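# Architecture at a glance
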Amino acid sequence: MARTIAVASGKGGTGKTTVVACLAAVSSEPLAVLDCDVEEPNLHLFLNADWQPGQPVTVPVPVVDETRCNYCGNCRLACRFNAIAVLPTGPMLFPGLCHGCGGCILACPYDALSEVPRPIGSMRTGRWREHVVLDGRLEIGEAKSPPLIEAVRQAAPDDRPVLIDAPPGTSCPLVSAVRGVDYVVLVTEPTPLGRHDLALAAAAARQLGLPTGVVINRAGSNDELITSFCAEQGLPVLARIPFDRRIAAAYAQGQLPVEAVPELRPLFAALAGRLLIPAAKPAGASREQA
Amino acid sequence: MLIAISATDRGLGATVDPRFGRARMFALVDSDTPEEVRMLDNVGNSDQLSGAGISTAQAVVDAGAKVVISGRVGPKALDVLSAAGLEIYTGADGSVSDAISAWQAGRLTPVTEAMPGRGMGRGRGGGGGRGMGGGGRRG
Ligand code: SF4
Ligand code: SF4
């Protein structure tokens, strides 16, 4: 089984996507690279892939045939998520709360409910160099990203290692993107806020029982803030990406840091080797620590 | 006309509960007989993990209220209440009877939220409620 690695961070803007793009750029073997940050997918800005047309991703929601409904309210009582109100004007659905379980449809004694697909976003597949790239894009205003994140993960080819750009934060979208992966890489910065967000993300990964390591971005004289936390928690520091103005300049132009700053190549090549080569466990990352 | 006021305890002297969806109970008062009060227990709705505002609004609609008075009303509860045609007033505090007097004196803020989109057209994103129609035609 090919390995699945997720790159995450407690908040946005830590350089998570840059790390994913650089790992893809230096990887010695073909990967599936997934942008699961579906609220703000931006991997495509770095990996200028050949994209196939996007496909809609839908979730099932109930609709009512008003000629059959007699307002009995059974559908509402059947819904564990309180996603339905039954008013004198008819049943009213709150799609943001609906989990598409179909319980209301079974509960309706008058066959007034049926299921229709509701689009929540789209996903697409592309090729970038030897890699397969997938990304998902949530519709504006859509509240629920987990079904889209799961659709992107399911569409990944299983014959090669998978590298996931996870959504920032520590809530449901992150959990959907990292659940069941072999290893989580948390990208952080050596600032008090970075340490704070890292602590939240590390706690989430621990709760899911996932082996975890840390990459310090914009590393420099304050790394102690992060390294001390990692030592306390038994988390390996996998790499330190030095602070370098040329990286920020490359980022601004959508250029890959490993290409703009060649000295970074060995650093990312070593990281890719540790993380992605099948059967080689990342150093210092035993399951017992999880 | 039946008025529902979110309350922390029983009776007209109880304090108004500032949160609609998480209110422990509602005082039901008929505007023709404002000295009489009936209580509607809401604990079974307010402690729901998902959609507390929706099931609370449903209970208030089912109780036959035409006016709702509370401190704040969340967006989903507002969708249900306005779709059912209730008048909603927020910013109430003090006791239940204070709130009724304030309402009678026109001192409470009416919530004039546009009705959410009906039918299968997109409402207001994933959070908003909408009618479930679209499967058939009334005839
Ligand atoms: S499909 Fe399930 S979650 Fe959605 S409204 Fe029906 S019962 Fe509720
Ligand atoms: S269970 Fe069926 S008939 Fe009863 S209110 Fe719901 S849709 Fe209407």
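Residues numbered from 1 in each chain as written. Chains lettered and ligands numbered in written order. Predicted model: local features only at pLDDT ≥ 70, side-chain atom pairs only at ≥ 80, totals over all residues. Heavy atoms only, no water.

## Regarding the overall build of chain A
Defined as follows: Note on conventions: DSSP H or I runs of at least 4 residues are helices, E runs of at least 2 residues are strands, and numbering of each starts at the N terminus. Relative accessibility thresholds used throughout: buried, under 20% of the residue-type maximum; exposed, over 50%; partly exposed, between the two (1.4 Å probe, protein chains only). In this analysis, two residues are considered to be in contact whenever any of their non-hydrogen atoms come within 4.5 Å of each other. Calculation of accessible area relied on Shrake-Rupley with a 1.4 Å probe; when residues are assessed, cover is drawn exclusively from the protein chains displayed.
For chain A, the count of helices and strands is 11 helices and 12 strands. For chain A, the spread of C-alpha atoms along the three principal axes comes to 70 × 40 × 35 Å. Considering chain A as a whole, with its 290 residues, one finds that 53% of them fall into the buried category. Within chain A, contacts between residues at least 6 apart in sequence are counted, and of these 73% link residues at least 24 apart. Total accessible area on chain A is roughly 12600 Å²; 53% of this is exposed by carbon and sulfur atoms.

## Quick look at the overall build of chain B
Along chain B, the regular secondary structure elements total 4 helices and 7 strands. Overall, chain B shows an N-to-C arrangement of helices and strands of β-β-β-α-α-β-α-β-α-β-β.

## Brief notes about empty space enclosed by the protein
All names here are of chain A. Quick reminder of the rule: A 1.4 Å probe that fits but cannot get out identifies a cavity on a 1 Å grid over protein atoms alone, an open set with protein on both sides within 12 Å along at least five of seven lines counts as a pocket, and a residue lines either if it has an atom within 4 Å of a point. Grid points are joined across faces, edges and corners, and a volume is the space filled by probe spheres set on the points. Polar here means any residue outside two lists: the nonpolar Ala, Val, Leu, Ile, Met, Phe, Trp, Tyr, Cys and Pro, and the charged Asp, Glu, Lys and Arg; Gly therefore counts as polar.
The full count for this structure, using the stated rule, is 6 cavities of 30 Å³ or more. Within this model, the largest cavity holds a volume of roughly 130 Å³. Broken down by secondary-structure element, the contributors of at least two residues to the lining of the largest cavity are strand 4 (55–64) and helix 4 (103–107). Grouping the constituent residues of the lining of the largest cavity by class yields 12 nonpolar, 4 polar and 1 charged.

## What about the side chain of K16 of chain A?
Residues and elements named next belong to chain A. Rules: Nitrogen and oxygen atoms within 3.5 Å of one another constitute a polar contact, given that in protein one can donate a hydrogen and the other can accept it, and given that sequence-neighbouring residues count only through two side-chain atoms.
Note on placement: K16 falls in helix 1 (residues 16–26). Among the polar contacts made by the side chain of K16, one reaches the main-chain carbonyl oxygen of A166 at a distance of 2.7 Å. Those residues in contact with K16 that lie beyond four places of it in its chain are V7, A8, S9, D37, D165, A166, P168 and V187.

## Focus on the sheet that holds strand 3 (residues 38–41) of chain B
Sheets are built from strands paired through backbone hydrogen bonds, the pairs being either parallel or antiparallel. All names here are of chain B. Heads up, the rule is: One requirement defines pairing of two strands: DSSP has to find at least two bridges between them. The convention used is that axes are lines fitted to C-alpha atoms, helices contributing only their stretch in contact, and that angles between N-to-C directions extend from 0 to 180 degrees.
Read from one edge of the open sheet, 6 strands run 3-2-1-4-5-6, paired in mixed fashion. Looking at the sheet topology across the chains shown, the edges are occupied by strand 3 and strand 6 (109–110). Pairing geometry for strand 4 (residues 67–69) and strand 5 (residues 87–90), over 3 bridges, is parallel. Its bridge partner being in strand 5, V68 is matched across the sheet by I88. Sheet strands in contact with helix 4 (residues 96–104) are strand 1 (2–7), strand 2 (25–30), strand 4 and strand 5, and its direction is about 135 degrees off that of strand 1.

## Brief notes about the confidence of the model for chain B
Fine structural detail should not be taken from predicted coordinates in areas where pLDDT scores are low. Residues and elements named next belong to chain B. Basically, it comes down to this: Values of pLDDT, the confidence the predictor places in each residue, fall between 0 and 100.
For chain B, the average pLDDT comes to 84, and 81% of its residues sit at 70 or higher. pLDDT under 50 marks residues 115–127. Its contacts with residues more than four places away, or in other chains, come to 40 contacts. In this model, residues 135–139 is a region of pLDDT below 50 whose contacts with residues beyond four sequence positions or in other chains number 11 contacts. Taken together, the chains of this predicted complex give a pTM of 0.73 and an interface ipTM of 0.77.

## Points about the packing of aromatic side chains
Rules: Pairs were defined over the aromatic rings of Phe, Tyr and Trp, the Trp ring being its six-membered one, requiring ring centres within 6.5 Å. Orientation was assigned from the angle between planes: stacked under 30 degrees, edge-to-face over 60, tilted for the rest. For a lysine, the NZ atom is tested; for an arginine, the CZ atom; a charge sits over a ring if that atom is within 6 Å of the ring centre and within 35 degrees of the ring normal.
This model, assessed by the stated rule, comprises 2 aromatic pairs over all chains. Plain terms: the ring middles of Y89 of chain B and W103 of chain B are 6.3 Å apart, the flat faces sit at 70 degrees to each other, and that makes the pair edge-to-face. One end of the pair, Y89 of chain B, is in strand 5; the other, W103 of chain B, is in helix 4, with 14 residues separating them in the sequence. Accessibility assignment for this pair places Y89 of chain B and W103 of chain B in one class, buried. It is R124 of chain A that lies over the ring of W51 of chain A; its NZ or CZ is 3.8 Å from the centre.

## As for the packing of helix 2 (residues 52–62) of chain B against helix 3 (residues 75–83) of chain B
Residue and element names in this part refer to chain B. Applicable threshold: Here is the rule for angles: anything less than 35 degrees is roughly parallel, anything more than 145 is roughly antiparallel, 65 through 115 is roughly perpendicular, and the remaining ranges are oblique. We call a crossing left-handed when the near helix sits turned anticlockwise from the far one by less than a right angle, and right-handed when that turn is clockwise.
At their nearest, the axes of helix 2 and helix 3 sit 8 Å apart, and the two run at 25 degrees to each other. For the element pair helix 2 / helix 3, the angle class is roughly parallel. The two elements helix 2 and helix 3 meet at a crossing, and its hand is right-handed. Listed contacts from helix 3 to G53, I54, A57, Q58, V60 and V61 of helix 2 are K76, A77, V80 and L81. Grouping the constituent residues of the contact of helix 2 with helix 3 by class yields 7 nonpolar, 2 polar and 1 charged.

## So, the pattern of salt bridges
As a reminder, the rule being used: The salt bridge definition used is simple: a Lys or Arg side-chain nitrogen within 4 Å of an Asp or Glu carboxyl oxygen.
On inspection of all chains with the given rule, the structure shows 15 salt bridges over all chains. The salt bridge involving R76 of chain A is made with D62 of chain B; its shortest N-O contact spans 3.8 Å. With R76 of chain A in helix 3 (residues 74–78) and D62 of chain B in helix 2, this residue pair bridges two chains. Here E263 of chain A ties to R246 of chain A by a salt bridge, and the two come within 2.9 Å at their closest N and O atoms. Residue E263 of chain A is located in the loop between helix 10 (257–260) and helix 11 (264–276), and its partner R246 of chain A is located in helix 9 (residues 245–252); the two are separated by 17 residues in the primary sequence. Via salt bridges that share partners, K16, D37 and D165 of chain A belong to a single interconnected network.

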